[in-house]
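Listed here are the chains, written in short residue letters.
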Amino acid sequence: MEQYNDDKFVVKCVYKGEQSEAILLFLKPGQEMPSHAHKRFEVVLLPQKGHGLLTVNGNKVVDLVEDTLYYEPSGCTFLIKNTGDEPLQVLITLIRVEQSNPVVPTELIEGGEHLYSTNLPPLSSINLEYQQVSNIY
């Protein structure tokens, strides 16, 4: 499932459920996913390989290391950069926390290459609004 591109980051859709969606982010050394907001989504990150930095809201910097779970509440802005010498792969789960008009995270779509399984629609066509979720562990 791994796929990297010399010119831009790669995002592959893993699944889309009723209350959540997961993507795999692939960054070569030095690449970054630009700053983008997740106003209506809690975000869970699980680095699979490599090393990177997560910048939250422009001021909180978190060291991304393998097999460590990271969580941020809805309303945060994220930037992810591969700061290591090897590829960085991060599993990212978005969990809807409020319901309103559909929102497509266009900041996520810009600047990268997005790949999807044949049975999954592109992220830009998915209704990313979910119902309130409780008891998240």
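Presented here is a report on the structure given in the accompanying data block. (Residues numbered from 1 in each chain as written. Predicted model: local features only at pLDDT ≥ 70, side-chain atom pairs only at ≥ 80, totals over all residues. Heavy atoms only, no water.)

### As for the pairing of strand E2 (residues 20-27)
So, point 1. For E2, the buried fraction is high: eight of the eight residues fall into the buried class.
So, point 2. Side-chain alternation along E2 places Ser-20, Ala-22, Leu-24 and Phe-26 on one buried face and Glu-21, Ile-23, Leu-25 and Leu-27 on a second face that is also buried.
So, point 3. Where strand E1 (residues 9-16) hands over to E2, the hairpin turn is made up of three residues, counted between the paired strands.
So, point 4. Pairing geometry for E2 and strand E9 (residues 88-96), over eight bridges, is antiparallel. (Buried < 20%, exposed > 50% of the residue type's maximum accessible area, 1.4 Å probe, protein only. Helix = DSSP H or I, 4+ residues; strand = E, 2+ residues; numbered from the N terminus. Pairing = 2+ DSSP bridges.)

### Points about the pairing of E1
So, point 1. Sheet analysis places E1 next to E2, joined by six bridges and oriented antiparallel. Residue pairing in the sheet places Tyr-15 in a bridge with Ala-22 of E2.

### Observations regarding empty space enclosed by the protein
So, point 1. For the structure shown, the criterion picks out one cavity of 30 Å³ or more.
So, point 2. Of the volumes computed, that of the largest cavity is approximately 70 Å³.
So, point 3. Lining the largest cavity are 11 residues, and of these Met-33, His-36, His-38, Val-43 and Ile-92 lie nearest its centre.
So, point 4. Contributions of two or more residues to the lining of the largest cavity are made by strand E3 (32-38), strand E4 (41-49), strand E8 (76-82) and E9. (1 Å grid on protein atoms, 1.4 Å probe; cavity = no way out; pocket = protein on both sides within 12 Å on 5 of 7 lines; lining within 4 Å. Points joined across faces, edges and corners; volume = space filled by probe spheres on them.)

### Comments concerning the environment of Asp-63
So, point 1. Structurally, Asp-63 can be placed in strand E6 (residues 60-65).
So, point 2. For the pair Asp-63 and His-51, spaced 12 residues apart in sequence, the C-alpha separation works out to 7.6 Å.
So, point 3. Setting aside chain neighbours within four positions, we find Asp-63 in contact with His-51, Gly-52, Leu-53 and Tyr-70.
So, point 4. Here His-51 takes part through its side chain, which lies 2.5 Å from a polar atom of the side chain of Asp-63. (Contact = heavy atoms within 4.5 Å. Polar contact = N/O pair within 3.5 Å; in protein donor to acceptor, adjacent residues only side chain to side chain.)

### Side note on the packing of aromatic side chains
So, point 1. Tallying each qualifying case throughout the model produces one aromatic pair.
So, point 2. Considering the side-chain rings of Tyr-4 and Phe-26, the 5.2 Å spacing of their centres and the 80 degrees angle between planes classify their relative orientation as edge-to-face. Linking Tyr-4 in the segment before E1 with Phe-26 in strand E2, this pair joins segments that are 22 residues apart in sequence.
So, point 3. Taking relative accessible area as the criterion, Tyr-4 reaches 22% and is therefore assigned partly exposed.
So, point 4. Judged by its relative accessible area of 0%, Phe-26 falls in the buried class. (Phe/Tyr/Trp six-rings, centres within 6.5 Å; stacked < 30°, edge-to-face > 60°.)

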